[in-house]
Amino acid sequence: MIEKLVKTTGEWLKGEGPSSDVVVSSRIRLARNLAEQPFLLTASAGDRAEIYRSLAGETSNDVVIPDAMVVDIDEADEIDRNLLVERHLISRQHAAGEGPRGVTISPDETQAIMINEEDHLRIQSLRSGLQLELLWHEVNEIDEALANRVPFAFDEQLGYLTACPTNVGTGIRVSVMLHLPALRLTKEIERVARAARDLRLAVRGSYGEGTEAVGDLYQISNQTTLGKSEESIIETFSRTIIPKIVEYERAARETLMKQHSSQLDDKIWRSYGLLTNARMISSGETQSLLSPIRMGIHLDRFHAFDIRTLNEIFLYTQPAHLQKRLGKKLDDDERAAARADYLRERLASKPK
Amino acid sequence: MTLNGINPTVKIENPLGTAKKLHKMITKMNCQHCNKSRATVHITDTVPERKERHLCEDCAEKEGVIIKPNQHTTNEILQQFIKQKIGLGLTENVVCPQCGLSFQEFQVKGQLGCPHDYEVFKAQLMPLIERAHEGGTKHVGKKPGGGTPPQNLHTGLLKLRRELQDAIQQENYELAARVRDQIRNLEQQ
């Protein structure tokens, strides 16, 4: 099953879609629970197994996700679990969790439903660029299809009931992954983060809760789920918040090009030099070096490879992908060497 | 260290260093009263004249200088505090009859045990919910497919299988047999 995934790259790696020079990907997820069933905290081992069995069947039904693939996370080995995290198909918590749990994935990886994470169901839609309306349409269709098949825990006053009261109501989480290298270089990033936090938005690293912003990637998401409709939360994101940040980042890039063009080019090409010559390199360093190159491609200053190749490198240099490709578990040093080999090999054949 | 090539020869004692030494001296002193235990209570009398006294805890209590905290009074204070809080309905430990989770457990784990908890812990939860959602207390947005929720085959089975387990555990074989037949019926559908 997972082997099929390794040979493909997710839709979000295309690097297309509106505002994709700044917005790497966007995602919407809904938290849902079965009515009259215990949440996972108090569910017995038997309950969990039954819930998983039932929902694995329901979520992979053709009217919910056609031609879906179900991965039993409890059965999957560590590398496979981490591979799914690196592809943003499951959360770190889900990978590290316990007991019967899994994920149902659409063939193009744009849809994924986690079963028995914090809630019985976490339905997500993920695409490259800023495409929140499309994502909402997709995730809503899955939600409707599932609601026709299983009864959801719902209350007239509080809406969809979730294991954690911070998700109650719509159970919606809208997240947008932004690449903000110029705002960091011009030291404006803290102001953006502060403004976002004032608007009650969470600003996190690229792999969600508790992760650092590596490679200038920041994830911005809503925290309020009660008292606002799904549409109004989405609209605030797609019409106000994200366009403002995108505009700000673009202006910072303009400033860099006008006032520091030599330094900018130097940074881009030095990064390329390191990536194509290193004999040992960590995944963190790889991501940091890919950041100025990503900006360089969008500013039409770097042509050694395109954005699709960059995204592919970004994914395949991460620990689980690297190990899966080589078919064995490697320690830190072995990974660093294997990563450097992969980079030189992958980038050597490309025109300079 | 050299200053313009000249070695400074005068060493100035750090006043903080001497205070430290003094403190060390005092803390190592024995009780002036019994001369047995370490002096831990240091009093500076100003009336009738300025005078320092260094006593151990027992002697200080005998002299009426301090009240030694003991188990009894601490418990009393704690209980009073809890009583006050219960009066406010803040630590009253409600337990959900459905899933068995107590409100205190929720506070520790940050997660609820079942959908009924929202009703059972309503009084305690609502202020938290309001704070977490910018004052939001009423759901606005979509509802699951209007009207009665669907009775699903799988979740129906889920419930029955649990009933079967319970019945077997309680050795209620008559009920178990009935539930088993219901499961068979559903499975054949």
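Residues numbered from 1 in each chain as written. Chains lettered and ligands numbered in written order. Predicted model: local features only at pLDDT ≥ 70, side-chain atom pairs only at ≥ 80, totals over all residues. Heavy atoms only, no water.

A. Region of the structure containing the overall build of chain A. Tallying secondary structure elements over chain A gives 13 helices and 10 strands in all. Taking 20 Å as the expected radius of gyration for a compact globule of 352 residues, we find that chain A reaches 21 Å, a close match to that expectation. Here the C-alpha coordinates of chain A stretch approximately 65 × 45 × 30 Å along the principal axes. Taking all 352 residues of chain A together, 61% fall into the buried category. Counting every atom, chain A has about 14,100 Å² of accessible surface; 47% of that belongs to carbon and sulfur. Distance from the positive charge centre (45 side chains) to the negative charge centre (54 side chains) of chain A: 6 Å. (Helix = DSSP H or I, 4+ residues; strand = E, 2+ residues; numbered from the N terminus. Rg over C-alpha atoms; globule rule 2.2 N^0.38 Å. Buried < 20%, exposed > 50% of the residue type's maximum accessible area, 1.4 Å probe, protein only. Areas by Shrake-Rupley, 256 points an atom, 1.4 Å probe, with all protein chains shown as cover. Lys, Arg positive; Asp, Glu negative; His and termini not counted. Charge placed at Lys NZ, Arg CZ, Asp CG, Glu CD.)

B. Structural view of the overall build of chain B. Counting its regular elements, chain B contains 8 helices and 2 strands. Along chain B, helices (α) and strands (β) appear in the sequence α-β-β-α-α-α-α-α-α-α when read from the amino end. Taking all 189 residues of chain B together, 24% fall into the buried category. For chain B, the exposed area adds up to about 14,200 Å²; of that, 54% sits on carbon and sulfur atoms.

C. Summary view of the sheet that holds strand 5 (residues 121–128) of chain A. Residues and elements named next belong to chain A. An order of 2-3-4-5-1-8-10-9 is seen for the 8 strands of this open sheet, with the pairing classed as antiparallel. The open sheet has two edge strands, strand 2 (69–72) and strand 9 (201–204), and neither has a second partner. When the angles between neighbouring strand axes are averaged without regard to direction, this sheet yields 20°. Here 8 bridges tie strand 1 (residues 23–32) to strand 5, and the two strands are oriented antiparallel to one another. Bridge pairing in strand 5 places Ser26 opposite Arg127. Along the sheet, helix 2 (residues 45–59) contacts strand 2, strand 3 (102–105), strand 4 (111–115) and strand 5; its crossing angle with strand 4, the most-contacted strand, is approximately 165°. (Pairing = 2+ DSSP bridges. Axes fitted to C-alpha atoms, helices over the stretch in contact; angles between N-to-C directions. Contact = heavy atoms within 4.5 Å.)

D. Structural detail: the interface of chain A and chain B. Between chain A and chain B, the contact holds 50 residues from the first and 37 residues from the second. Looking only at chain A, the three residues that lose the most surface to chain B are Leu41, Gln157 and Pro165 of chain A, adding up to 16% of its buried area. Our count for the chain A to chain B interface comes out at 4 salt bridges. Here Glu156 of chain A makes a salt bridge to Lys143 of chain B, at a shortest N to O gap of 3.1 Å. Joining chain A to chain B, the criterion identifies 20 residue pairs in polar contact (both at pLDDT 80 or more). Every element with two or more residues in the side of chain A that touches chain B is listed here: helix 2, helix 5 (132–147) and strand 7 (159–160) of chain A. Of all the elements, helix 2 of chain A adds the most residues to the side of chain A that touches chain B, at 6 residues. Partitioned by chemical class, the residues of the side of chain A that touches chain B number 19 nonpolar, 17 polar and 14 charged. (Buried area = accessible area lost by both parts, 1.4 Å probe. Salt bridge = Lys/Arg side-chain N within 4 Å of Asp/Glu carboxyl O. Polar contact = N/O pair within 3.5 Å; in protein donor to acceptor, adjacent residues only side chain to side chain. Nonpolar A, V, L, I, M, F, W, Y, C, P; charged D, E, K, R; others polar.)

E. Seen up close, the side chain of Asn167 of chain A. Structurally, Asn167 of chain A can be placed in the loop between strand 7 and strand 8 (172–179). Judged by relative accessible area, which is 3%, Asn167 of chain A ranks as buried. Within the structure, the side chain of Asn167 of chain A is placed 2.9 Å from the side chain of Arg173 of chain A, a separation counted as a polar contact. Contacts of Asn167 of chain A, omitting those with residues within four sequence positions, involve Arg29, Glu118, Asp119, Arg122, Thr162, Arg173 and Thr225 of chain A together with His133 of chain B.

F. Up close: unusual backbone geometry. All names here are of chain A. Although it is not a glycine, Glu36 adopts a positive phi angle of roughly 60°. Following the sequence through the fold, Glu36 ends up in the loop between strand 1 and helix 2. Although it is not a glycine, Asn116 sits at a positive phi angle of roughly 60°. For Asn116, the position within the fold is in the loop between strand 4 and strand 5. Take Asn116: its relative accessible area is 3%, and that puts it in the buried class.

G. Summary view of the domain arrangement of chain A. All names here are of chain A. For chain A, the assigned domains read domain 1 (2–252) and domain 2 (261–346). Taking only C-alpha atoms, the centre of domain 1 and the centre of domain 2 are 26 Å apart. Carbon and sulfur atoms supply 62% of the area buried between domain 1 and domain 2, which totals about 2,300 Å² over both sides. Among the residues of domain 1 in contact with domain 2, Leu13, Ile79 and Glu86 are the three that bury the most area, contributing 26% of the side total. Linking domain 1 to domain 2 there are 2 salt bridges. When the shortest N-O distance is used, the salt bridge between Asp80 and Lys324 registers 2.7 Å. There are 8 residue pairs in polar contact (both at pLDDT 80 or more) connecting domain 1 and domain 2. Elements represented by at least two residues in the side of domain 1 that touches domain 2 include exactly helix 1 (2–7), helix 3 (78–86) and helix 6 (181–185). If you tally residues by element for the side of domain 1 that touches domain 2, the top one is helix 3, at 6 residues. Of the residues contributing to the side of domain 1 that touches domain 2, the split by class is 13 nonpolar, 7 polar and 9 charged. (Domains from an automatic or database assignment.)

H. The packing of helix 9 (residues 261–277) of chain A against helix 13 (residues 332–348) of chain A, seen in detail. Residues and elements named next belong to chain A. Contact pair helix 9 / helix 13: the axes reach a minimum separation of 7 Å and the direction vectors enclose 110°. Relative to helix 13, the element helix 9 lies roughly perpendicular. From helix 9, Tyr272, Leu275, Thr276 and Asn277 reach across to helix 13, where they touch Leu343, Arg344 and Leu347. Residue composition of the contact of helix 9 with helix 13, grouped by class: 4 nonpolar, 2 polar and 1 charged. (Parallel < 35°, antiparallel > 145°, perpendicular 65-115°, else oblique.)

I. Molecular detail of the packing of aromatic side chains. Scanning the entire structure with this criterion turns up 9 aromatic pairs over all chains. Centre to centre, the rings of Tyr272 of chain A and Phe305 of chain A are 6.1 Å apart; their planes meet at 45°, and the pair counts as tilted. One end of the pair, Tyr272 of chain A, is in helix 9; the other, Phe305 of chain A, is in the loop between helix 10 (283–298) and helix 11 (307–316), with 33 residues separating them in the sequence. Judged by its relative accessible area of 5%, Tyr272 of chain A is buried. With 5.6 Å between their ring centres and 40° between their planes, Phe103 of chain B and Phe106 of chain B make a pair best called tilted. Of this pair, Phe103 of chain B and Phe106 of chain B both sit in helix 4 (residues 103–109), 3 residues apart, roughly one helical turn. (Phe/Tyr/Trp six-rings, centres within 6.5 Å; stacked < 30°, edge-to-face > 60°.)

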